[in-house]
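Observations on the model geometry
So the chains spell out like this:
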Amino acid sequence: MTDYYAAIENSLKKYIDEAGLEPLLYDAVRYSLMNSGKRIRPYLCLLVTEILGTNFEKAIPFACAIEMIHTYSLIHDDLPAMDNDDMRRGKPANHIVFGDGNAIIAGDALLTIAADILSRETNRMASGAVTSGALSMLNGQCLDINDPIRDENTLIRLYNGKTGGLFCAAILSAFYVSGGGPDDAHNWQDFALSLGTLFQITDDILDQEKDSAENTFTYLFLHTQKEAHDYVHSLVDSLLSWLSPYACEQASALRDLIRSLPDRTK
Ligand code: GRG
């Protein structure tokens, strides 16, 4: 199977190299973007594109724009005015190394390069899926930083925005790149939101100690550890059964990814 990860790394680097950034801004952007992220969103985008019978290269611009938007959100989320985290991806956060001002414009630069990539694409549905996911993420963040009512309904809105937004962007842009139309998108959208929820609750399980010390509102604020594990495994089962009509090697790779999520350690 194609090395999708190598394709993502090379394309991300090419896009930032071509953006005409000042050396300091380039360093701040590269520091966070080319920094051992798991690349789950762009990987999903390329896999789903191939599952739907289209060459992954058509989806590369969308996959890269999504990873840039994701990285900008992490840089901004780590700032003192937001989550105030000193470490990201195993290294000091962007603002710790470059200062708050440079971290803000590094995030802005990533968002702007993503917009530039999308503006050069002709598939408006796919571009729209990315911008809509990015806005959804901001809605989720808005709920998150404003201490919402801590109930199940709010948690679903929070997770469908903050995490589900960019999972939808990845999977729906792949769907549209492969010729899908808006009337048939809802199944893939449900799939993306379930996958986002699975990813986020495994994140909650990993961060449980820190979240509980900081009284953070997560799935584990409302549910026991056992309920979280049971829910995660029921999501894995339903995602796998949803994928059962697909037999290609990329579908097998996606099944492997889904099965691996409950055991992830980072
Ligand atoms: C500040 C604009 C803005 C938005 C913030 C995404 C987000 C919204 C905040 C980041 C904090 C967070 C826990 C988000 C939920 C999604 C999530 C689990 C992000 C981490 O994604 P990974 O694990 O990260 O894919 P890597 O580093 O592997 O790319």
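Residues numbered from 1 in each chain as written. Predicted model: local features only at pLDDT ≥ 70, side-chain atom pairs only at ≥ 80, totals over all residues. Heavy atoms only, no water.

Before going further, it helps to examine the packing of helix α10 (residues 185-206) against helix α13 (residues 225-243). Two elements in contact, α10 and α13, have axes separated by 10 Å at closest approach and are oriented at 150°. Relative to α13, α10 is oriented roughly antiparallel. The two elements α10 and α13 cross, and the hand of that crossing is left-handed. Across from N187, W188, F191, S194, L195, T197, L198, I201, T202 and I205 in α10, the residues of α13 making contact are Q225, A228, H229, Y231, V232, L235, V236, L239, W242 and L243. (Axes fitted to C-alpha atoms, helices over the stretch in contact; angles between N-to-C directions. Helix = DSSP H or I, 4+ residues; strand = E, 2+ residues; numbered from the N terminus. Parallel < 35°, antiparallel > 145°, perpendicular 65-115°, else oblique. Left-handed = near helix turned anticlockwise from the far one by under 90°. Contact = heavy atoms within 4.5 Å.)

This part takes up the nonpolar core. Counting 87 residues, the largest nonpolar core has L44, M68, F191, L195, L198, L254 and I258 as the members making the most contacts within it. The element contributing the most residues to this core is helix α9 (residues 164-177), with 11 residues. Setting aside residues no more than four positions away along its own chain, I258 makes contact with F191, L195, L198, V236, L239, L240 and L243. (Core = buried A, V, L, I, M, F, W, Y, C linked by side-chain atoms within 4.5 Å. Buried < 20%, exposed > 50% of the residue type's maximum accessible area, 1.4 Å probe, protein only.)

The subject of this paragraph is the packing of aromatic side chains. If you walk through the whole model with that rule in mind, you get 13 aromatic pairs. Seen from their ring centres, W188 and W242 are 4.6 Å apart, and the 75° between their planes marks the pair as edge-to-face. Placement of W188 in helix α10 and of W242 in helix α13 is noted, with a sequence separation of 54 residues between them. The buried category is assigned to W188, whose relative accessible area is 4%. (Phe/Tyr/Trp six-rings, centres within 6.5 Å; stacked < 30°, edge-to-face > 60°.)

A few words on the site of the ligand. Neighbouring the ligand are 20 residues, the closest being K38, R41, H70, R89 and Q200. Within the side chain of H70, one N or O atom sits 2.7 Å away from an oxygen atom of the ligand. In the complex, 91% of the free accessible area of the ligand, which totals 700 Å², lies under the protein chains. Those elements giving two or more residues to the shell around the ligand turn out to be α3 (40-51), α4 (60-78), α7 (124-145) and α10. A total of 6 residues in the shell around the ligand trace back to one element, the largest contributor, which is α4. Per-class residue counts for the shell around the ligand are 7 nonpolar, 7 polar and 6 charged. (Near = heavy atom within 4 Å. Polar contact = N/O pair within 3.5 Å; in protein donor to acceptor, adjacent residues only side chain to side chain. Areas by Shrake-Rupley, 256 points an atom, 1.4 Å probe, with all protein chains shown as cover. Nonpolar A, V, L, I, M, F, W, Y, C, P; charged D, E, K, R; others polar.)

Counted under the stated rule, the structure contains 13 salt bridges. With its nearest N and O atoms 2.7 Å apart, the salt bridge here joins E9 to R39. A residue pair is termed long-range when its members are at least 10 positions apart, and E9 in helix α1 (residues 4-17) and R39 in the loop between α2 (23-33) and α3 qualify at 30 residues. On the basis of relative accessible area, E9 is assigned to the partly exposed category, the value being 28%. Salt-bridge contacts for D116 lead to R120; the nearest nitrogen and oxygen are separated by 2.8 Å. A residue is classified by how much of its surface remains accessible, and D116, at 38% relative accessible area, is partly exposed. Because the salt bridges share partners, they merge into one network encompassing E9, R39, E67 and R89. (Salt bridge = Lys/Arg side-chain N within 4 Å of Asp/Glu carboxyl O.)

Among the residues of helix α8 (residues 152-162), those classed as buried are T154, L155, L158, Y159 and G161. Take α8 and look down its axis: the buried residues cluster within an arc of 165°, on one side only. (Arc of directions from axis to C-beta.)

Here we take up the side chain of E50. With respect to the helices and strands, E50 occurs in helix α3. Notably, E50 is buried but unbridged: the nearest opposite-charge side chain belongs to K58, and the N-O separation is 11 Å. Beyond its immediate chain neighbours, meaning those up to four positions away, E50 contacts Y4, N55, F56 and Q250. (Lys, Arg positive; Asp, Glu negative; His and termini not counted.)

Structural measurements only, silent on function.
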